[in-house]
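# Coordinate analysis (summary)
The chain contents come next:
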Amino acid sequence: MKKFLGIILGLLILQNICFAQTGVSFVYINGSNNNDEKMRNWYIEGVQKLHPVMKKKFEQNKEIKEVFLNKPQYKINENPVIFFWGDKSKKDLEFVQKQLDLSKAFSPTLAYKVRSMLAAYLHDAIWVQKQHNMLPILDELNDTVIKEAEKGNKVVLYGYSAGTFVTYEYMFNKLPYLDPEVLFNEIDVSNKVKEFATKHPLENTCISALSKAQIGTVSQNGQLLLKKIDDESLEKSYLQLQEATKTACAPVSSLQGVVNFASPLVLFYSDLADPDYELNYYNKLMLKYIIENGLFFITVNFREDPLGFPSTKNLTIDEIEKLANIEIENPKGFVYDNSSVWSKRSVLFAHTSYWSARKTFANAVVKAFTNGYRLQYDKEFQQKVLENNKRKIKFEMN
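Residues numbered from 1 in each chain as written. Predicted model: local features only at pLDDT ≥ 70, side-chain atom pairs only at ≥ 80, totals over all residues. Heavy atoms only, no water.

### Brief notes about the pattern of salt bridges
Our working definition: Salt bridge criterion: a side-chain nitrogen from Lys or Arg within 4 Å of a carboxyl oxygen from Asp or Glu. Each residue is placed in one exposure class: buried if its accessible area under a 1.4 Å probe, protein chains only, is under 20% of its type's maximum, exposed if it is over 50%, and partly exposed if it falls in between. Labels follow the DSSP assignment, with helices taken as runs of H or I lasting at least four residues and strands as runs of E lasting at least two, numbered in each case from the N terminus.
Counted according to the given criterion, the structure contains 9 salt bridges. Here Glu148 ties to Lys151 by a salt bridge, and the two come within 3.5 Å at their closest N and O atoms. On the basis of relative accessible area, Glu148 is assigned to the buried category, the value being 6%. Residues Lys288 and Glu292 are paired through a salt bridge, measuring 2.8 Å at the closest nitrogen-oxygen approach. Of this pair, Lys288 and Glu292 both sit in helix H13 (residues 280-292), 4 residues apart, roughly one helical turn. Through salt bridges with shared partners, a single ionic network connects Lys55, Glu59, Lys75 and Glu78.

Below, the structure written as structure tokens:
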């Protein structure tokens, strides 16, 4: 009898393991001008209305079921995860507004109002770009991702407006796309330290872990600034990378994808187009990691949105390899831009209409996923797109 009960108990445990669900959490990241309580509530209410629609559209789409939700135990969580950083810039913005008030006595009313509007919309975008403001936000976001991973959840990051800066910087700083041995053979260290790195291989790490292990930081011009230059200190810091990676980097396979929308990313990060910009070395490694590890990176903008800038030309993996001069092995992920979405909103209100036009927006995100995936992995679809592009080029040349 005991043996029989033991068998039954074992089968029940096995069944629970087999049907254990892995949740997928959608993490929504706010943009500019969400500092005060009124705008914070506007943002949260918008997300709460959008999320059920986005969840439903994801679950109904055939390609997403096959690729993103390709395991029967995967389930998009009912409640959105809201990551809010707008309150962190409030003190600085209040100072700017006080300075603005000084000009009220002598400025024309229209000039004062335009100045106030620009300060409200642009302050946070400029504020969050500054490294000393951005890095604590990234650490806090990573804590959110780690907590979700501990619950058994994967995450998809949704970056709205200036929140797209946060998603980009998160991937850049937190994804483990750096091979320590390769990195130490690229940077300016002694041959002794390079040999040490070769003899002590470590798992991949991220930019943030380099700082936490006291190796160095990546400057805004893309150079790795070493904190210590003597061989013994560098070797000691190198070995600390393994522990630093566990807490400073995104957990492996925790991030499933990123959806940026109402995105002015290109406007504020246009220096990435400069081939001589050293930061591009790391961006290429990040892009390679995204595609090889099955992540998706989607941008969706309403065409009426004056702050919605296309992030990239939609390229095949072969074209990406040639353009970026990288070799992509066993590709699974993709990058795609869909910035031609009609919201049927006026230019004045389009930037804040992604919540009210949520069905249109959700359909556009799903369409971007479908077309982005098919462009890379459906050869027939890819050929049609390439032929259409050739015809378009010929038409523009004539």
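### Concerning the packing of helix H6 (residues 131-150) against helix H7 (residues 163-174)
The test is simple: Angles run from 0 to 180 degrees between N-to-C directions of axes, and those axes are lines fitted to C-alpha atoms, restricted for helices to the stretch in contact. What sets the label is the angle itself: under 35 degrees gives roughly parallel, over 145 gives roughly antiparallel, 65 to 115 gives roughly perpendicular, and the rest give oblique. Only heavy atoms enter the contact rule, under which two residues are in contact if any of them lie within 4.5 Å. Note on residue classes: Ala, Val, Leu, Ile, Met, Phe, Trp, Tyr, Cys and Pro are nonpolar, Asp, Glu, Lys and Arg are charged, and everything else, Gly too, is polar.
Where H6 contacts H7, the two axes come as close as 10 Å, and the packing angle between them is 80°. Classified by the interaxial angle, the pair formed by H6 and H7 is roughly perpendicular. Taken together, the residues of H7 that come into contact with H6 (itself represented by Met134, Leu135, Ile137, Leu138, Asp139, Leu141, Asn142 and Val145) are Phe165, Val166, Glu169, Tyr170, Asn173 and Lys174. Per-class residue counts for the contact of H6 with H7 are 9 nonpolar, 2 polar and 3 charged.

### Quick notes on the packing of aromatic side chains
Just so we agree on the cut-off: Centres within 6.5 Å are what make two rings of Phe, Tyr or Trp a pair, Trp counting through its six-membered ring; a difference in plane orientation under 30 degrees is then read as stacked, over 60 as edge-to-face, and the rest as tilted.
Inspection of every chain in the model, using the stated rule, returns 25 aromatic pairs. Measuring from ring centre to ring centre gives 5.2 Å for Phe26 and Phe58, while their planes differ by 70°; the resulting arrangement is edge-to-face. Taken as a pair, Phe26 in strand E1 (residues 22-29) and Phe58 in helix H2 (residues 37-60) lie far apart in primary sequence, 32 residues in all. Given the relative accessible area of 0%, Phe26 is considered buried.

### Comments concerning the state of the cysteines
Worth spelling out the cut-off: In this description, a disulfide is simply a cysteine sulfur pair whose atoms lie within 2.5 Å.
For the structure shown, the criterion picks out 1 disulfide. For Cys206, the disulfide goes to Cys249, at an S-S distance of 2.1 Å. Since a negative S-S torsion denotes a left-handed disulfide, the Cys206-Cys249 link at about -90° is left-handed. With Cys206 in the loop between helix H9 (191-199) and helix H10 (207-212) and Cys249 in the loop between helix H11 (231-248) and strand E7 (255-261), this residue pair connects regions lying 43 residues apart in the sequence. The exposure classification of Cys206 matches that of Cys249, with both residues buried.

### So, H11
Defined as follows: By this rule, a helix spans an expected 1.5 Å times one less than how many residues it contains. One fitted axis covers the seven residues ending at a residue, a second covers the seven starting there, and the bend at that residue is the angle between these axes.
Along its 18 residues, H11 runs 24 Å from first to last C-alpha, staying within 8% of the 26 Å computed at 1.5 Å per residue. Where H11 bends most, the angle comes to about 40°, and this point is Gln242. Turning to H11, its buried residues number three or more, namely Leu234, Glu235, Ser237, Tyr238, Leu241, Ala244, Thr245 and Ala248. Residues of H11 that are buried make contact with H6, H7, helix H8 (180-186), H9, H10 and strand E6 (224-226).

### So, the confidence of the model for the chain
When pLDDT is low, close inspection of the predicted coordinates is not appropriate. How we decide: Note: pLDDT gives the predictor's confidence per residue, expressed from 0 to 100.
Of all residues in the chain, 76% attain a pLDDT of 70 or more, and the chain-wide mean is 82. The low-confidence segment residues 1-19, where pLDDT is below 50, has 0 contacts with residues more than four positions distant or belonging to other chains. For residues 393-398, every residue scores under 50 in pLDDT, and the model assigns this stretch 0 contacts once sequence neighbours within four places are set aside.

### With respect to the environment of Asp378
Selection criterion: Polar contacts, as counted here, are pairs of nitrogen or oxygen atoms within 3.5 Å of one another; within protein the pair requires one atom able to donate a hydrogen and one able to accept it, and residues that are adjacent in sequence qualify only if both atoms are side-chain atoms.
Its location among the elements puts Asp378 in the loop between helix H15 (358-377) and helix H16 (379-397). With relative accessibility at 26%, the residue Asp378 sits in the partly exposed group. Side-chain polar atoms of Asp378 contact the backbone nitrogen of Glu380, separated by 3.2 Å.

### Notes on the packing of H7 against H13
Contact geometry for H7 and H13: axes closest at 9 Å, N-to-C directions at 90°. As the angle between them shows, H7 and H13 are arranged roughly perpendicular. Here Tyr168, Met171 and Phe172 of H7 lie close against H13, whose contacting residues are Tyr282, Asn283, Met286 and Ile290. Here the contact of H7 with H13 is built from residues that sort into 6 nonpolar, 1 polar and no charged.

### Describing the side chain of Ser161
Turning to its location among the elements, Ser161 is positioned in the loop between strand E4 (153-160) and H7. Polar side-chain contacts of Ser161 include one of 3.0 Å to the side chain of His351.

### Points about unusual backbone geometry
For Ser253, which is not glycine, the phi dihedral falls at a positive 65°. Looking at the element boundaries, Ser253 is found in the loop between H11 and E7. Taking the relative accessible area as the measure of exposure, Ser253 reaches 42% and is therefore partly exposed. Of note in the backbone geometry, Asn325 takes a positive phi value of approximately 55° without being a glycine. If you trace the backbone, Asn325 turns up in the loop between helix H14 (317-324) and strand E9 (334-341). The exposed category is assigned to Asn325, whose relative accessible area is 68%.

### A few points about the nonpolar core
Put simply, the rule reads: In this description, a nonpolar core means a group of buried Ala, Val, Leu, Ile, Met, Phe, Trp, Tyr and Cys residues linked to one another through side-chain atoms lying within 4.5 Å.
Counting residues in each nonpolar core, the largest one holds 56 residues, and the members touching the most others are Val166, Leu175, Tyr177 and Tyr282. The leading source of residues in this core is H7, at 6 residues. Among all residues touching Val166, those that are not within four sequence positions of it are Ile29, Trp85, Val128, Met134, Ile137, Leu138 and Leu141.

### Focus: the pairing of strand E8 (residues 296-302)
In plain terms, the rule: A pair of strands counts as paired when DSSP detects no fewer than two bridges linking them. Crossover handedness is defined here as right-handed if the route from the first strand over the helix to the second strand goes clockwise, with the strands pointing away from the viewer.
Most of E8 sits inside the fold, with 7 of its 7 residues counted as buried. Side-chain alternation along E8 places Phe296, Ile298, Val300 and Phe302 on one buried face and Phe297, Thr299 and Asn301 on a second face that is also buried. Pairing of E7 with E8 involves 5 bridges; the strand directions are parallel. By the bridge assignment, Val259 is partnered in E8 with Ile298. Bridge count between E8 and E9: 6 bridges; the pairing is parallel. Looking across to E9, one finds that Val300 is bridged to Asn338. Following the chain from E8 across H14 to the adjacent parallel E9, one finds a crossover that is right-handed.

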